[in-house]
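Coordinates in review
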Amino acid sequence: MKKQSLAVAAVLATVISAPSMAADWFVGGAVGYQQDTYKIKETEAGKTESDKAKEKDMSYQLRVGTYLNDNNRVYGTYSYNSDDFAKQQSFLASYDYLIPLDAGNKLNWFVGATAGMNHTSPDFDELSSKNTFVWGGQTGLMYKINDKLSTEIGYRYLKQDYDVSASDTDYSAKFSLNDTQQVYLGVDYRF
């Protein structure tokens, strides 16, 4: 828990101080492919069955942020995903360090950290919705099309600690979401 609190404090301090250091603001969106790793454990009439599933579906993202300089950016992201097991909404704060790959800074490799909250709503009536802390990182390539538009392709990994359970006299179920992986293509507009 101390690591989670420290990560949230560091991200919040960066985001709060961003407006005073900001060079360029941006808004953007992304679509991608998301894979969630679930564990399900059901017990009925004394028999226990466990299953591990990887669900894959589309992910949609909206984001707003600022470039602090040519090598640093901070941003917030709202992400939505729905698969066969659950619907997820994420509110994330992220920091990326950009490494130029050409002389004109048009092509950049980025690597960064993300922390935030995830709201998961299982598609099972017995299990309740829950908010959980998520954290992870991302990497990818960003290409600056012109002074206003840029595009990127990226990969994000999020560690999740979502666990819920339900039971009655003859039945119990436990549902866990361990991690999320995303591959996405995004477009940003600078102003």
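The sections below set out a description of the structure shown in this document. Just so you know, these numbers come straight off a predicted model, no measurement behind them. (Residues numbered from 1 in each chain as written. Predicted model: local features only at pLDDT ≥ 70, side-chain atom pairs only at ≥ 80, totals over all residues. Heavy atoms only, no water.)

Overview of the environment of Ser150
Residue position: Ser150 is located in strand E7 (residues 149-167). Of the residues examined, Ser150 reaches a relative accessible area of 1% and is grouped as buried. As a C-alpha pair, Ser150 and Gly28 span 122 residues in sequence and 9.3 Å in three-dimensional space. Apart from the residues lying within four places of it in its own chain, the contact partners of Ser150 are Tyr67, Met142, Tyr143, Lys144, Ile145, Gly186, Val187 and Asp188. (Helix = DSSP H or I, 4+ residues; strand = E, 2+ residues; numbered from the N terminus. Buried < 20%, exposed > 50% of the residue type's maximum accessible area, 1.4 Å probe, protein only. Contact = heavy atoms within 4.5 Å.)

Structural notes on the environment of Tyr157
Mapped onto the secondary structure, Tyr157 falls in strand E7. Along the chain, Tyr157 and Asp179 lie 22 residues apart, while their C-alpha atoms are 7.4 Å from each other. Among all residues touching Tyr157, those that are not within four sequence positions of it are Trp135, Gly136, Gly137, Asp179, Thr180 and Gln181.

Brief notes about the pairing of strand E1 (residues 24-44)
In regular strands, side chains alternate between the two faces of the sheet. As judged from the 21 bridges shared by E1 and strand E2 (residues 47-69), these two strands associate in the antiparallel manner. The partner of Gln35 across the bridge, within E2, is Lys56. From the end of E1 to the start of E2, which pair antiparallel, there are 2 residues, and Ala45 there has a positive phi angle of about 55°. The pairing of E1 with strand E8 (residues 171-190) spans 19 bridges and is classified as antiparallel. Residue pairing across strands places Glu44 opposite Tyr171, the latter belonging to E8. (Pairing = 2+ DSSP bridges.)

Looking at a positive patch on the surface
Residues Lys39, Lys41, Lys52, Lys54, Lys56 and Lys174 make up a contiguous surface patch of positive charge. At the level of elements, E1 and E2 are the ones that each hand at least two residues to the positive patch. For the positive patch, the element with the highest residue contribution is E2, accounting for 3 residues. Tracing the backbone shows Lys39 in strand E1. For Lys39, a relative accessible area of 42% gives the class partly exposed. (Patch = residues over 30% accessible without salt bridge, like charges linked within 9 Å, V, L, I, M, F, W, Y side chains within 5 Å. Areas by Shrake-Rupley, 256 points an atom, 1.4 Å probe, with all protein chains shown as cover. Salt bridge = Lys/Arg side-chain N within 4 Å of Asp/Glu carboxyl O. Lys, Arg positive; Asp, Glu negative; His and termini not counted. Charge placed at Lys NZ, Arg CZ, Asp CG, Glu CD.)

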